[in-house]
Amino acid sequence: MSAPEPDYVRVNRDHWTKANAEYTDRRAEHAWSEDEISWGVWSTPESEVNVLPDVRGKDVVELGCGTAYVGAWLKKRGARRVVGVDVTPAQLATARRMNEQTGLGLELVEANAEQTGLPSASFDLAVSEYGASIWCDPRKWIPEAARLLRPGGELVFLRNSTLSVLCMPQEGKVTTSLQRPQRGLLRIDWTDPPETEFQMGHGDLFRILRASDFEVIDLVEIFAKDDSDDHAHYSYVPADWAKKWPAEEMWRARKRV
Ligand SMILES: C[S@@+](CC[C@H](N)C(=O)[O-])C[C@H]1O[C@@H](n2cnc3c(N)ncnc32)[C@H](O)[C@@H]1O
């Protein structure tokens, strides 16, 4: 029997339903058409970050896929099967429209990424770009990713850097001073707009990964480029800040054989 839906799932679904109407639907076509895989606020190319395994012939699940452009990029790179999981029907509607338009053949599933209902040991790669990686409780979604992966399968995800979260005030942009304690860092309830994120320090996250049968094989901190400007939409982190400190980070972990 599935557990009742946590309060934050409803809050975040409402948030992403609005975001879909405001900008994600409009941007999907461009995102799906990109040939190069890139990550995060400043579109850092995968060729610089090098966190993805070869996906040719592999089965991939994207956890918190949104409009599923990351899944689309991986299918174009030769993945055999790509399943996108998201909890927001509006985001999935955009993903489905793009999937039909491009004929890429993604499978799109409406579910909480903490409890997908998909069969165990059915994927070689689980990926999340600011999806489950920040919107789901790591004590739930990381064990779920481990369950979905075959032995030797990999988990790759992008999230805000811990330093940027510590310097993020309750309202306004990332600053150059500490704004919240790292001790006990886990759930952050933002109010304007209402949304709930999960962020935790490196040691805690490292231990959850290890306890879920993963070996951490890389942690790449991402900076803005010298010529980067503030992002038009994700302006919560100033480019000048991110040129000095890493604003984002990518984790790569492998499920023990
Ligand atoms: C920033 S988007 C990331 C996805 C994708 N990279 C994109 O930008 O379109 C965050 C997505 O996480 C989804 N999400 C939030 N909570 C979720 C949950 N509990 N389970 C599955 N998806 C969730 C939201 O619906 C949203 O589509």
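Residues numbered from 1 in each chain as written. Predicted model: local features only at pLDDT ≥ 70, side-chain atom pairs only at ≥ 80, totals over all residues. Heavy atoms only, no water.

Topic: helix 8 (residues 202-211)
Here helix 8 has its buried residues at L205, I208 and L209. Seen end-on, helix 8 carries its buried residues on one side only, within an arc spanning 100°. Residues of helix 8 that are exposed and angled more than 90 degrees away from the buried face: R207 and A211. On its buried side, helix 8 packs onto helix 6 (138-148), strand 7 (149-160), strand 10 (214-222) and strand 11 (248-255). Taken from the residues just after helix 8, D213 is the one with a positive phi, measuring 80°. (Buried < 20%, exposed > 50% of the residue type's maximum accessible area, 1.4 Å probe, protein only. Helix = DSSP H or I, 4+ residues; strand = E, 2+ residues; numbered from the N terminus. Arc of directions from axis to C-beta. Contact = heavy atoms within 4.5 Å.)

Quick look at the site of the ligand
Inspection of the region around the ligand gives 18 residues, with Y69, D86, T88, A113 and E129 positioned closest. Contacts to the ligand include T88, whose side-chain N or O atom sits 2.5 Å from an oxygen atom. N112 is positioned such that a nitrogen or oxygen atom in its side chain is 2.9 Å from a nitrogen atom of the ligand. For the ligand, the accessible surface in isolation is 590 Å², of which the surrounding protein chains cover 96%. (Near = heavy atom within 4 Å. Polar contact = N/O pair within 3.5 Å; in protein donor to acceptor, adjacent residues only side chain to side chain. Areas by Shrake-Rupley, 256 points an atom, 1.4 Å probe, with all protein chains shown as cover.)

Section: the nonpolar core
Ranked by internal contacts, the top residues of the largest apolar core, which has 52 residues, are W39, W42, L74 and M250. Per element, the largest residue contribution to this core is five residues, and it comes from helix 1 (residues 7-33). Not counting chain neighbours up to four residues away, the residues in contact with L74 comprise I37, L52, V55, V60, A79, L125 and V127. Counting 31 residues, the second-largest nonpolar core is a separate cluster that includes V85, W141, A145 and L148. (Core = buried A, V, L, I, M, F, W, Y, C linked by side-chain atoms within 4.5 Å.)

Section: a nonpolar patch on the surface
Taken together, the side chains of L163, L178 and W245 make up a nonpolar region of the molecular surface, amounting to roughly 280 Å² of accessible area. Tracing the backbone shows L163 in helix 7 (residues 162-166). For L163, a relative accessible area of 31% corresponds to the partly exposed category. (Patch = residues over 30% accessible without salt bridge, like charges linked within 9 Å, V, L, I, M, F, W, Y side chains within 5 Å. Salt bridge = Lys/Arg side-chain N within 4 Å of Asp/Glu carboxyl O.)

Brief notes about the state of the cysteines
Evaluated as defined, the whole model comprises zero disulfides. With no disulfide partner, C136 has as its closest neighbouring cysteine sulfur the one in C65, 12 Å distant. Judged by relative accessible area, C136 falls into the buried class, the value being 8%. (Disulfide = S-S within 2.5 Å.)

Here we look at the sheet that holds strand 10
In spatial order, the strands read 5-4-3-6-7-11-10; together these seven strands make up an open sheet with mixed pairing. The open sheet is flanked by strand 5 (107-110) and strand 10, the only strands paired with a single partner. Here the strands of the sheet are splayed against their neighbours by 15° on average, with no regard to which way each runs. As defined by bridge partners, strand 4 (residues 81-86) adjoins strand 5 across four bridges and the pair is classed as parallel. Bridge pairing in strand 5 places V83 opposite E107. Relative to strand 6 (residues 123-129), helix 3 (residues 69-76) is tilted by about 140°, and along the sheet it contacts strand 3 (59-63), strand 4 and strand 6. (Pairing = 2+ DSSP bridges. Axes fitted to C-alpha atoms, helices over the stretch in contact; angles between N-to-C directions.)

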